[in-house]
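# Summary of the model geometry
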Number of protein chains: 2
Amino acid sequence: MSDEAAAERLDRQLAFLLEADLLKQVERRTSIRGQSRRENSAEHSWHLALFALVLAEHADEPVDAVKVVTMLLLHDLVEIDAGDVFLYDEALRAQKEVEERAAAERIFGLLPADQGEPLKALWEEFEARETPEARFAAAVDRLQPLLLNIEGGGEPWRSHGVTGDRVRSVNSRIGTASSTLWEHAQRLLDEAEATGVLDPGPAEPS
Amino acid sequence: MSDEAAAERLDRQLAFLLEADLLKQVERRTSIRGQSRRENSAEHSWHLALFALVLAEHADEPVDAVKVVTMLLLHDLVEIDAGDVFLYDEALRAQKEVEERAAAERIFGLLPADQGEPLKALWEEFEARETPEARFAAAVDRLQPLLLNIEGGGEPWRSHGVTGDRVRSVNSRIGTASSTLWEHAQRLLDEAEATGVLDPGPAEPS
């Protein structure tokens, strides 16, 4: 590589990394422990990477933990352009898809193509949920806010009127990747309902 | 493993992951882009993991990028107990060593031993700076705040009276892992001094 090409390559890499900094300003609905403030998507991504490192052994199908970690480090970068969508706002989630694809083009396109393309492909793999790694990454992306919401006494479920039946339905995806983690999560949800942390929602029709 | 042992194992893993959440409350001296607030050590760790993913090719000695990423995800967890120390406060840094070792015992000790021990060993490897991976991880841990400080117009260097000569001396460690990144950083520092973003410090004795 010429000196000029090498310098341009490094400039593109650093431009991507500085752009990534903006994810620290994207606010999620979940709060950090202690409830002093909302969590942002950058620290959330870090937390999920730790979840994947520690919990990979509970995947029903063997997963490449490194691939899951990398996927999770990248999975929210599109929110720099498209913003975070609350897990329970399913209509808005569908609508955001086009915006997120454009964001992936732009943001991974900041990198040299030989780096940006594989990273964008990894983001697409995450979105498609078709590989064991993508399913496991999506499962910890559900499990972490569930744990934080319980830890925080049921906020933000309560403030958004989200009831136990919806929490179970939206988070059942955890069970498609790890029966161990989903069974554990369901026990925690039972407990949360029993202690008033989570409103169970409409009773079964009798 | 008995059901009871399996349940205890998962409980320990989740206790560690919830404890890790507290790193989101540890504030650093560097601000995020736009200078609206200080960076915290959790989002900083995420950012560094991305730096390692993208910049590993610039290491002078070949590095295992996965190991560097894992190291960086973990490297600041001890700050949950010991707090962050400003890069330029070298006296306090030395004094913190004992506290950080105790923190590593406690925090990695929350995990099942077969997971906690290797992760603690990786933190120790980072601290010792003796392997190419540890040196490269330490280099990006220097490079990221340097870039953010320049991006932010020289805060917090100015507010802490840190001059160009000290910035060069403290960050020269980047050069022990990557001559490419250190040459680039020095060009940025020259520019920062030329444009008044960084006070060059005492003139050379004539």
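We now turn to the structure provided with this report. (Residues numbered from 1 in each chain as written. Chains lettered and ligands numbered in written order. Predicted model: local features only at pLDDT ≥ 70, side-chain atom pairs only at ≥ 80, totals over all residues. Heavy atoms only, no water.)

### A look at unusual backbone geometry
Trans is the prevailing form of peptide bonds, just as negative phi is the prevailing case for residues other than glycine. Residue and element names in this part refer to chain A. Going by this rule: Counting from the N terminus, the helices are DSSP H or I runs at least four residues long and the strands are E runs at least two residues long. The buried label applies to any residue whose accessible area, calculated with a 1.4 Å probe on protein chains only, is under 20% of its type's maximum; exposed applies above 50%, and partly exposed to all values in between.
The step from Glu 155 to Pro 156 runs through a cis peptide bond, and the omega angle for that step is 0 degrees. Positionally, Pro 156 belongs in the loop between helix H8 (132–151) and helix H9 (164–171). In this model, Arg 129 sits at a positive phi of 55 degrees, which is unusual for a non-glycine residue. For Arg 129, the position within the fold is in the loop between helix H7 (113–128) and H8. Residue classification places Arg 129 among the buried residues on the basis of a relative accessible area of 18%.

### Quick look at the side chain of B:Gln115
Note the following rule: We call two residues in contact when some of their heavy atoms are within 4.5 Å.
Within the secondary structure, B:Gln115 is located in helix H7 (residues 113–128). Residues in contact with B:Gln115, not counting those within four places in the same chain, are A:Leu53, A:Val54, A:Glu57, B:Arg9 and B:Gln13.

### Remarks on the pairing of strand E1 (residues 27–31) of chain B
Note the cut-off: Here, a strand pair is defined by DSSP locating no fewer than two bridges between the strands.
Note: E1(B) against strand E2 (residues 38–40) of chain B, two bridges, orientation antiparallel. The residue of E2(B) that forms the bridge with B:Ser31 is B:Arg38.

### Some thoughts on helix H6 (residues 97–108) of chain A
Residue and element names in this part refer to chain A. The line we're drawing: Residue count minus one, scaled by 1.5 Å, sets the expected span of a helix. The reported arc concerns the directions from the helix axis to the C-beta atoms and nothing else.
End to end, H6 covers 16 Å across twelve residues, agreeing with the expected 16 Å (1.5 Å per residue, within 8%). If you check which residues of H6 are buried, you get Glu 100, Ala 103, Ala 104, Ile 107 and Phe 108. What you see down the axis of H6 is that its buried residues fit within an arc of 105 degrees, all on one side. On its buried face, H6 is in contact with helix H1 (3–20), helix H3 (65–74), helix H4 (79–82) and H7.

### Re the pattern of salt bridges
Short version of the rule: We define a salt bridge as a contact between a side-chain nitrogen of Lys or Arg and a carboxyl oxygen of Asp or Glu at a distance within 4 Å.
Within this structure, the stated rule accounts for 38 salt bridges over all chains. A:Glu19 is paired through a salt bridge with A:Arg106; the nearest N and O atoms lie 2.8 Å apart. With A:Glu19 in helix H1 and A:Arg106 in helix H6, the pair connects residues that are 87 residues apart, well separated along the chain. The class of A:Glu19 is buried, set by a relative accessible area of 15%. B:Glu43 serves as the salt-bridge partner of B:Arg37, at 2.7 Å between the closest nitrogen and oxygen.

### A word on the side chain of A:Ser41
Residues and elements named next belong to chain A. For Ser 41, the location among the structural elements is in helix H2 (residues 41–55). Judged by its relative accessible area of 0%, Ser 41 is buried. Here Ser 41 is in contact with Leu 23, Val 26, Arg 28, Asp 76, Glu 79 and Asp 84, once residues within four sequence places are set aside.

### Here we look at the environment of A:Glu39
The following threshold applies: The term polar contact refers here to a pair of N or O atoms within 3.5 Å; inside protein, the definition further demands a hydrogen-donor-capable atom paired with an acceptor-capable atom, and it admits residues adjacent in sequence only when both atoms are side-chain atoms.
Note on placement: A:Glu39 falls in strand E2 (residues 38–40). Taking the relative accessible area as the measure of exposure, A:Glu39 reaches 0% and is therefore buried. Sequence separation between A:Glu39 and A:Arg29 is ten residues; the distance between their C-alpha atoms is 7.2 Å. Leave out the neighbours within four places in its chain, and A:Glu39 touches A:Val26, A:Glu27, A:Arg28, A:Thr30, A:Ser31, A:Ile32, A:His44, A:His47, A:Gln144, A:Leu148 and B:Lys24. Within the structure, A:Glu39 has its side chain in polar contact with the side chain of A:Gln144 (distance 2.8 Å). A polar contact is formed between the side chain of A:Glu39 and the side chain of B:Lys24, at a distance of 2.8 Å.

### A closer look at the interface of chain B and chain A
To keep it simple, the criterion reads: Joining two parts hides part of their accessible area as seen by a 1.4 Å probe, and the buried area is that hidden amount summed over both.
Opposite the 48 residues of chain B that make contact, chain A presents 48 residues. Buried surface at the junction of chain B and chain A, summed over both partners, amounts to about 4200 Å²; 69% is from carbon and sulfur atoms. The three residues of chain B that bury the most area against chain A are B:Lys24, B:Arg33 and B:Trp46, which together make up 18% of that side's buried surface. Inspection of the region where chain B meets chain A yields six salt bridges. Among the ionic pairs, B:Arg9 bridges to A:Glu57, the shortest N-O distance being 2.6 Å. Applying the counting criterion to the chain B and chain A interface returns 30 residue pairs in polar contact (both at pLDDT 80 or more).

### A look at the packing of helix H6 (residues 97–108) of chain B against H7(B)
Residues and elements named next belong to chain B. Note the following rule: Under this scheme, a helix contributes an axis fitted over its contacting stretch, all axes are lines through C-alpha atoms, and angles between N-to-C directions fall in the 0 to 180 degree range. Orientation labels follow simple angle bins: below 35 degrees gives roughly parallel, above 145 gives roughly antiparallel, 65 to 115 gives roughly perpendicular, and whatever is left gives oblique. The handedness criterion is simple: a crossing whose near helix is rotated anticlockwise from the far helix by less than a right angle is left-handed, and one whose near helix is rotated clockwise is right-handed. When residue character is reported, Ala, Val, Leu, Ile, Met, Phe, Trp, Tyr, Cys and Pro are called nonpolar, Asp, Glu, Lys and Arg charged, and the others, Gly included, polar.
It is at 9 Å that the axes of H6 and H7 come closest, and there the two elements cross at 155 degrees. As far as their axial angle goes, H7 and H6 are roughly antiparallel. You can see that H6 and H7 cross each other, and the crossing is right-handed. For the pair H6 and H7, the contacting residues are Glu 100, Arg 101, Ala 104, Glu 105 and Phe 108 in the first and Gly 116, Leu 119, Lys 120, Trp 123, Glu 124 and Glu 127 in the second. Looking at the contact of H6 with H7, its residues break down into four nonpolar, one polar and six charged.

### Concerning the nonpolar core
Among soluble globular proteins, nonpolar side chains are generally buried collectively. We count it as follows: Throughout, nonpolar core names a set of buried Ala, Val, Leu, Ile, Met, Phe, Trp, Tyr and Cys residues whose side chains join them through atoms within 4.5 Å.
Membership of the largest hydrophobic core comes to 126 residues, with the highest contact counts inside it found for A:Leu55, A:Leu77, A:Phe136, B:Leu55, B:Leu77 and B:Phe136. Aside from chain neighbours lying at most four places away, what touches A:Leu55 is A:Phe136, A:Leu143, A:Leu181, B:Leu10, B:Gln13, B:Leu14 and B:Leu17.

### Quick look at the packing of aromatic side chains
What counts is decided by this rule: Between rings of Phe, Tyr and Trp, where Trp is taken as its six-membered ring, a pair exists when centres lie within 6.5 Å; planes separated by under 30 degrees are stacked, by over 60 edge-to-face, and by other angles tilted. Our definition puts a charge over a ring when NZ of Lys or CZ of Arg is within 6 Å of the ring centre and also within 35 degrees of the ring normal.
Under the defined criterion, the tally for this structure stands at two aromatic pairs over all chains. Lying over the aromatic face of A:Phe126, A:Arg129 brings its terminal NZ or CZ to 4.3 Å of the ring centre.

### Looking at the packing of H2(A) against H3(A)
Residues and elements named next belong to chain A. In the contact formed by H2 and H3, the axes pass within 8 Å of each other and the chain directions differ by 170 degrees. With respect to their mutual orientation, H2 and H3 come out roughly antiparallel. Side by side, H2 and H3 meet where Ser 45, Leu 48, Ala 49, Ala 52 and Leu 53 of the first sit next to Val 68, Val 69, Leu 72 and Leu 73 of the second. Partitioning the contact of H2 with H3 into residue classes produces eight nonpolar, one polar and no charged.

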